[in-house]
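Given next are the chains, with one letter for each unit.
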Amino acid sequence: QVQLVESGGGLVQAGGSLRLSCAASGRTFSTYAMGWFRQAPGKEREFVAAISWSSVNTYYADSVKGRFTLSRDNAKNTVHLQMNSLKPEDTAVYYCAADHSYTGRDPFTYDYWGQGTQVTVSS
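Residues numbered from 1 in each chain as written. Predicted model: local features only at pLDDT ≥ 70, side-chain atom pairs only at ≥ 80, totals over all residues. Heavy atoms only, no water.

### Thoughts on the overall build of the protein
Secondary structure assignment for the protein yields zero helices and 11 strands. For the protein, the succession of helices and strands along the chain, N to C, is β-β-β-β-β-β-β-β-β-β-β. Here the C-alpha radius of gyration of the protein, 13 Å, is about what a compact globule of 123 residues would show, namely 14 Å. By principal-axis analysis of the C-alpha atoms, the protein measures approximately 40 × 25 × 25 Å. The buried share of the protein, reckoned over its 123 residues, is 43%. In the structure as shown, the protein presents an accessible area of about 6400 Å², 48% of it carried by carbon and sulfur atoms. Considering the protein, the positive charge centre built from 11 side chains and the negative charge centre built from 10 side chains are found 6 Å apart. (Helix = DSSP H or I, 4+ residues; strand = E, 2+ residues; numbered from the N terminus. Rg over C-alpha atoms; globule rule 2.2 N^0.38 Å. Buried < 20%, exposed > 50% of the residue type's maximum accessible area, 1.4 Å probe, protein only. Areas by Shrake-Rupley, 256 points an atom, 1.4 Å probe, with all protein chains shown as cover. Lys, Arg positive; Asp, Glu negative; His and termini not counted. Charge placed at Lys NZ, Arg CZ, Asp CG, Glu CD.)

Written out as structure tokens, the structure reads:
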């Protein structure tokens, strides 16, 4: 089993940056693909980015491509989402998730979820 704890959220002005982190417990972290999703009020949870267990493959939503960078450190059981050039439409609760089988965009394939961290971007 994997437990995930997100951190790094906060309030930032448009154009600013934040770095989200996800700390995972469990010795099998390196075997899981990791993803970030976000959910704004009144909207469905949407895919943001995902990274394979080996970091060979990373995927981004079109809305964040070129602004967000996802990385992982398997030795430290952590995943980081660097978010630059933030926009008000990036405002949401951001969730970290782990998937034992796929590096995908579908939240229903992910096995474990964190509690989320709030990101608010002011205009």
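Now, onward.
### A look at unusual backbone geometry
Positive phi, normally seen in glycine, also occurs at Ser55, with a value near 70 degrees. Looking at the secondary structure, you find Ser55 in the loop between strand E5 (46–51) and strand E6 (58–60). Judged by its relative accessible area of 33%, Ser55 is partly exposed. Of note in this structure, Asn77 is not a glycine but carries a positive phi near 55 degrees. Mapped onto the fold, Asn77 is located in the loop between strand E7 (68–73) and strand E8 (78–83).

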